[in-house]
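Chain by chain, the residues run as shown.
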Amino acid sequence: MANVNRPQVSVADQEALARNLGISRESNEELTIEELRGTIDVTADPEFASMGEAIRDDLTGKLDNELLEHALAELSTQINRLSEVREAGIPGGETEPEALYRELVEPGWAIYDHLVETGFFDSVEANLPRFTPEHIEGTANELIQAEPLAAALEECGFDEREQTVLVMNVVNNNDRLARWTPTKDIPDEVEFNVEDVPPLQQRAMGGSLLWVKNLDIHLWQKKFLITDEILDDGYWDVKAMLGGLYVMATAAHEIAEGGSLSDSQLAAALSASTAIMITNQEEIVKDMFWITEEMRKPSTLR
């Protein structure tokens, strides 16, 4: 029986990842972060270093190291108990759903509120470009070499295969990511007020938190439609979004405390975490919220 809590990776996904990174392979075995790290020849990218330096200079002294450190530890605990939440299935409750998924995102909201208050998202969006194939390739290369980020993800329950899939989420979604326009690039003639649109990175984190938060009510209200397959498909979407949030918060903590990430890796961590959260927001809609006739549990009235 397949491990339902492992993200599904097709041969086509593997081939696309290798092709997008310019890797030539003879083996058909799944790619790993370790293999990628040993294959890709990375030289310091002055553009990425410049972006990371600008963000670090802009935010140094504004972020609360103690708050971020505590929230990161709490978030790691919640990510590690995600399998328990999946085992619980649909939230119980007679008149309203119990807090199951909402507990997962409580530390994430603390991080989000602090980053909004300090102008973190404004600075990141001002200094990072919009997603293009070239920027995504550079992001992936820097991310793969950032061993401190891999260690942080391992501590909160991402094994090597799952870390590879997070990188795949970034590299193989050029077209989807290009549709997400930074607020600074939205033209003035659009029909809505651009001043009311948060920075792209804030939309990625806030949107991820809202999708997970709403699962308690959604699953409880639709419990007669929900199958184990729907819960299994959504498991990875939730974990990936929380993993992306963890990477972005780790980058913020790096700015607050100073650490082992280079300026290039800092810029890559902020771009990659945004891409991960965006991609899996779109996936969870298809996997858990848009329940088609083919997906739903059969009616007992037929």
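Structure: see above.
A quick note: this is a predicted structure, and the numbers were derived from the prediction, not measured.

What follows concerns a negative patch on the surface. A surface patch of like charges, here negative, comprises D64, E66, E69 and E257. Structurally, E257 is set in helix α14 (residues 228–257). Note on E257: relative accessible area 47%, which makes it partly exposed.

Once that is clear, we can look at the nonpolar core. Counting residues in each nonpolar core, the largest one holds 88 residues, and the members touching the most others are Y101, F120 and M205. The element best represented in this core is α14, accounting for 16 residues. Setting aside residues no more than four positions away along its own chain, F120 makes contact with L59, L63, L115, M248, A252, I255 and L270.

Attention now goes to empty space enclosed by the protein. Following the criterion strictly, the structure yields three cavities of 30 Å³ or more and no others. The computed volume of the largest cavity comes to approximately 140 Å³. If you trace the largest cavity, you find 14 residues lining it, with L143, L149, L153, Q163 and V167 closest to the centre. Taken together, the elements giving at least two residues each to the lining of the largest cavity come down to α2 (33–39), α8 (133–145), α9 (147–155), α10 (160–171) and α15 (263–289). Tallied by class, residues from the lining of the largest cavity come to 12 nonpolar, one polar and one charged.

Look at α8: 19 Å from first C-alpha to last across 13 residues, which is about the 18 Å you get at 1.5 Å a residue. Among all positions in α8, only H135, I136, G138, T139, A140, N141, E142, L143 and I144 are buried. Buried residues belonging to α8 abut α2, α3 (46–59), α9, α10, α11 (174–178) and α15.

Position of T181 among the secondary structure elements: in the loop between α11 and α12 (200–213). Classification of T181 as partly exposed rests on a relative accessible area of 22%. Each C-alpha atom of the pair T181 and K223 lies 35 Å from the other, and the pair is 42 residues apart in sequence. Here T181 is in contact with R130, I186, L200 and R203, once residues within four sequence places are set aside.

This structure, assessed with the given rule, holds 14 salt bridges. With a closest N to O distance of 3.6 Å, R37 and E34 form a salt bridge. A residue pair is termed a helical-turn pair when its members lie 3 or 4 positions apart in one helix, as R37 and E34 do in helix α2 at three residues. Residue R37 is classed as buried on the basis of its relative accessible area of 16%. Residue R176 pairs with E282 through a salt bridge whose shortest N-O separation is 2.9 Å. In this pair, R176 is assigned in helix α11 and E282 in helix α15, connecting sequence segments 106 residues apart. It is possible to trace a salt-bridge network through shared partners that takes in R176, R179, E282, E283 and K286.

About the criteria used
- Residues numbered from 1 in each chain as written.
- Predicted model: local features only at pLDDT ≥ 70, side-chain atom pairs only at ≥ 80, totals over all residues.
- Heavy atoms only, no water.
- Patch = residues over 30% accessible without salt bridge, like charges linked within 9 Å, V, L, I, M, F, W, Y side chains within 5 Å.
- Areas by Shrake-Rupley, 256 points an atom, 1.4 Å probe, with all protein chains shown as cover.
- Salt bridge = Lys/Arg side-chain N within 4 Å of Asp/Glu carboxyl O.
- Lys, Arg positive; Asp, Glu negative; His and termini not counted.
- Charge placed at Lys NZ, Arg CZ, Asp CG, Glu CD.
- Helix = DSSP H or I, 4+ residues; strand = E, 2+ residues; numbered from the N terminus.
- Buried < 20%, exposed > 50% of the residue type's maximum accessible area, 1.4 Å probe, protein only.
- Core = buried A, V, L, I, M, F, W, Y, C linked by side-chain atoms within 4.5 Å.
- Contact = heavy atoms within 4.5 Å.
- 1 Å grid on protein atoms, 1.4 Å probe; cavity = no way out; pocket = protein on both sides within 12 Å on 5 of 7 lines; lining within 4 Å.
- Points joined across faces, edges and corners; volume = space filled by probe spheres on them.
- Nonpolar A, V, L, I, M, F, W, Y, C, P; charged D, E, K, R; others polar.
- Expected span 1.5 Å × (residues − 1).

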